[in-house]
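A structural walkthrough
Listed below, chain by chain, are the residues.
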Amino acid sequence: MSSTAVSPAARLRGLKPDWLSDPKVWRTEILAGLVVALALIPEAISFSIIAGVDPAIGLFASFTMAVVISVVGGRRAMISAATGAVALVIAPLNREHGLGHLVAAVILAGVFQIVLGALGVARLMRFIPRSVMVGFVNSLAILIFMTQVAEMRDVPWAVYPLIAAGLALMVFFPMVTTAIPAPLVSIVILTVITVGAAIAVPTVGDKGALPSSLPTPGLPDVPFTLDTLAAIAPYAFAMALVGLMESLMTAKLVDDITDTHSNKTRESVGQGIANIVTGFFGGMGGCAMIGQTMINVKVSGARTRVSTFLAGAFLMVLCIVFGPVVSDIPMAALVAVMIMVSFATFDWHSIAPKTLRRMPAGEIAVMVVTVACVVATHNLAVGVVVGSVTAMVLFAKRVAHLAEVTAVMDPDGTTVVYRVTGELFFASSNDLVGRFDYADDPGKVVIDLSAAHVWDASSVAALDAIETKYAQRGKTVEITGLNEPSAHLHDKLSGELTGSH
């Protein structure tokens, strides 16, 4: 038997990721990171304003979140930074107690996220229905567009043709070449036009001053007491939940777009680590950014951790080294990019008449409820929770009607067999008790559950109630056909649920 020797160098090449040896991948990742960094600057400043902190706090958070999550995160090419959802959660804490408490809450939120990740919170993603996911994506697209509408109000007339020109460039430039991301080309060309022609339009610099140095690590300026813990814990826990939900939903979305799998547990823990690091560097914390992730993955075609790392690194370089140049970028260029992202993100197939005609009314209702809640509250987590609960209620209502009871009388009239078919749980078992003829049935009653499954205590209690009603009339009940899990649950709970033995 012969064997082919493999040199150590060849073995090493086999272990290297593709991006280490493919110049095309490098170019895509670098340019994608640059585009995302440019788009992050006004967003981070805006979220800082929402949270009531200095713009540098949001920019530092975006830098540390992106860099750290690129290493410890579970979803390649996903962008994490300062977000509006987190800003909304922690803004009241900053108003009431100041920046020190906000930073301490960010660190504690990171600890909560690590604990929740270790406990397997990511597995709950299995219970989010597709209709909620579609509603989540569509509401996200609507929110992105709505935030851009605010940038188009009370502005000089020149803003509108600049936005139109930016959109046209992003639509038609890929027909010329895809080597350079169209959003980057659009930003550069519109900046050159506005600066060269001295067109007075809102710029990135109008949003706030950019930092001139890197953040430095340190402890939050708070007294380390139980009172401080009591003040920050509710906000930290809310931030942890909102951040995890938004990040895991984004990871699932990127999984679908790229046809690749991500490690949701690692992502949950990674978000916690990134927030702890961000807190120690004085940032406002954050989570996955869906808009910037779509720019990175869907518009720019990035697929590796390199783009995520470079987005954070470029962000600081642009602020510190090229601050004056970046400040001159017209907001119209970035508005055009985000409008393009919103259109690319929206699932247009989900609202096509052909799709709506075929889709069950309940599925459409869940999607609409999810979108309505997100748009009304500007909180993606609220929409996902309400949409999921709505889907579960509709599912329980639909499944409850699948439990059927048919009665067959023995020829001699001494025994009646009730055959129960379907799933027995709290919704269906409530109606079960009323499906039996207690007064007129013969002395022996057989309940055949071979085509049914007992899921919960409510169903066992219903079966106990049926036996009790027959016993009160001097009749005996025999329950047959239980499968192994149903029998185990019935044996364990039967007679123990009413408090009387």
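Look above for the structure.
We now turn to the structure provided with this report. All values reported here derive from a predicted model rather than from experimental measurement. (Residues numbered from 1 in each chain as written. Predicted model: local features only at pLDDT ≥ 70, side-chain atom pairs only at ≥ 80, totals over all residues. Heavy atoms only, no water.)

As a further point, take the layout of surface pockets. Each pocket or cavity is described by its volume, and for the largest pocket that value is around 720 Å³. Considering the residues around the largest pocket, the lining is formed by 31 residues, among which Glu43, Phe47, Gly84, Leu143 and Thr147 are closest to the centre. Of all elements in the fold, only α2 (23-51), α4 (84-97), α6 (130-150), α11 (290-299) and α14 (331-345) reach the threshold of two or more residues within the lining of the largest pocket. In terms of residue class, the lining of the largest pocket is made up of 19 nonpolar, eight polar and four charged. By volume, the second largest pocket is sized at about 400 Å³. Surrounding the second largest pocket, 16 residues form its lining, Leu124, Ile128, Met245, Val384 and Val385 being those nearest its centre. Within the residue set of the lining of the second largest pocket, elements represented by two or more residues are α9 (226-258) and α17 (380-400). (1 Å grid on protein atoms, 1.4 Å probe; cavity = no way out; pocket = protein on both sides within 12 Å on 5 of 7 lines; lining within 4 Å. Points joined across faces, edges and corners; volume = space filled by probe spheres on them. Helix = DSSP H or I, 4+ residues; strand = E, 2+ residues; numbered from the N terminus. Nonpolar A, V, L, I, M, F, W, Y, C, P; charged D, E, K, R; others polar.)

Another point: the nonpolar core. By size, the foremost hydrophobic cluster in this structure holds 106 residues, and its most contacted members are Ile41, Leu59, Phe136, Ile163, Met284, Ile295 and Leu315. It is α2 that contributes the most residues to this core, 12 residues altogether. Among residues more than four places away in sequence, those in contact with Leu59 are Ile41, Ala44, Ile45, Ser48, Leu210, Pro211, Leu315, Met316 and Cys319. Counting 23 residues, the second largest nonpolar core, distinct from the first, contains Val405, Leu432, Val445 and Leu493. (Core = buried A, V, L, I, M, F, W, Y, C linked by side-chain atoms within 4.5 Å. Buried < 20%, exposed > 50% of the residue type's maximum accessible area, 1.4 Å probe, protein only. Contact = heavy atoms within 4.5 Å.)

A few words now on the pairing of strand β6 (residues 476-480). Here β6 shows one buried face, formed by Val477 and Ile479, and one open face, formed by Thr476, Glu478 and Thr480. With five bridges connecting them, strand β5 (residues 444-454) and β6 associate as parallel partners. Within β6, the residue paired with Ile447 across the bridge is Ile479. This β-α-β element, β5 to helix α19 (residues 457-472) to β6, shows right-handed connectivity. (Pairing = 2+ DSSP bridges. Right-handed = clockwise from strand over helix to strand, strands pointing away.)

Okay, unusual backbone geometry next. In this structure, Asp154 takes a positive phi of about 50° despite not being glycine. Looking at the secondary structure, you find Asp154 in the loop between α6 and α7 (159-176). For Asp154, a relative accessible area of 82% gives the class exposed. Located in the positive-phi region is Ala198, a residue other than glycine, with phi close to 55°. Mapping Ala198 onto the fold places it in the loop between α8 (182-196) and α9.

Take the packing of α8 against α14 next. Here α8 crosses α14 at 160°, and the two axes come no closer than 9 Å. Between α8 and α14, the angle falls in the class roughly antiparallel. In this structure, the crossing between α8 and α14 has a hand that is right-handed. Here α8 contributes Pro183, Ile187 and Leu190 to the contact with α14, which in turn contributes Ala333, Leu334 and Val337. (Axes fitted to C-alpha atoms, helices over the stretch in contact; angles between N-to-C directions. Parallel < 35°, antiparallel > 145°, perpendicular 65-115°, else oblique. Left-handed = near helix turned anticlockwise from the far one by under 90°.)

Per the counting criterion, the structure on display carries nine aromatic pairs. When the centroid spacing of 5.4 Å and the interplanar angle of 90° are considered together, the rings of Phe112 and Phe237 count as edge-to-face. One end of the pair, Phe112, is in helix α5 (residues 99-118); the other, Phe237, is in helix α9, with 125 residues separating them in the sequence. Among the residues examined, Phe112 registers a relative accessible area of 24% and is labelled partly exposed. When the ring of Phe436 is compared with that of Tyr438, the centres are 6.3 Å apart and the planes differ by 35°; the resulting orientation is tilted. Judged by its relative accessible area of 8%, Phe436 is buried. In this structure Tyr438 comes out as buried when scored by relative accessible area, which is 11%. Aromatic ring contacts, followed pair by pair, group Phe145, Phe343, Phe346 and Trp348 into a single cluster. Its guanidinium or amino end placed over the ring of Tyr438, Lys469 lies 5.8 Å from that ring's centre, counting from NZ or CZ. (Phe/Tyr/Trp six-rings, centres within 6.5 Å; stacked < 30°, edge-to-face > 60°. Lys NZ or Arg CZ within 6 Å of the ring centre and 35° of its normal.)

Okay, the side chain of Gln148 next. By secondary structure assignment, the location of Gln148 is in helix α6. A polar side-chain atom of Gln148 sits 3.3 Å from the main-chain carbonyl oxygen of Ile144. The contact partners of Gln148, leaving out residues within four places of it in the chain, are Glu43, Leu334, Val335, Met338 and Ile339. (Polar contact = N/O pair within 3.5 Å; in protein donor to acceptor, adjacent residues only side chain to side chain.)

Once that is clear, we can look at the pattern of salt bridges. Under the defined criterion, the tally for this structure stands at six salt bridges. A salt bridge links Lys207 to Glu151; the nearest nitrogen and oxygen atoms lie 2.5 Å apart. Highlighted residues: Lys207 in the loop between α8 and α9 and Glu151 in the loop between α6 and α7, separated in sequence by 56 residues. The salt bridge involving Asp255 is made with Lys264; its shortest N-O contact spans 2.5 Å. For the residue pair Asp255 and Lys264, the accessibility class agrees, reading buried in each case. Connected via shared salt-bridge partners are Arg75, Asp255 and Lys264. (Salt bridge = Lys/Arg side-chain N within 4 Å of Asp/Glu carboxyl O.)

Another point: the state of the cysteines. Within the structure shown, the criterion is met by zero disulfides. We note that Cys287 lacks a disulfide partner, and the nearest cysteine sulfur, in Cys373, lies 19 Å from it. (Disulfide = S-S within 2.5 Å.)

Moving on: the sheet that holds strand β3 (residues 404-409). One open sheet holds the four strands; their spatial order is β3-β4-β5-β6, and the pairing between them is mixed. In this open sheet, the two strands that pair with only one neighbour each are β3 and β6. Direction aside, neighbouring strands of the sheet carry axes that sit 20° apart on average. Summarising the sheet, β3 and strand β4 (residues 415-424) pair through six bridges and their orientation is antiparallel. Paired with Val405 across the bridge in β4 is Val420. Across the sheet, α19 is in contact with β4, β5 and β6; its angle to β5 comes to roughly 175°.

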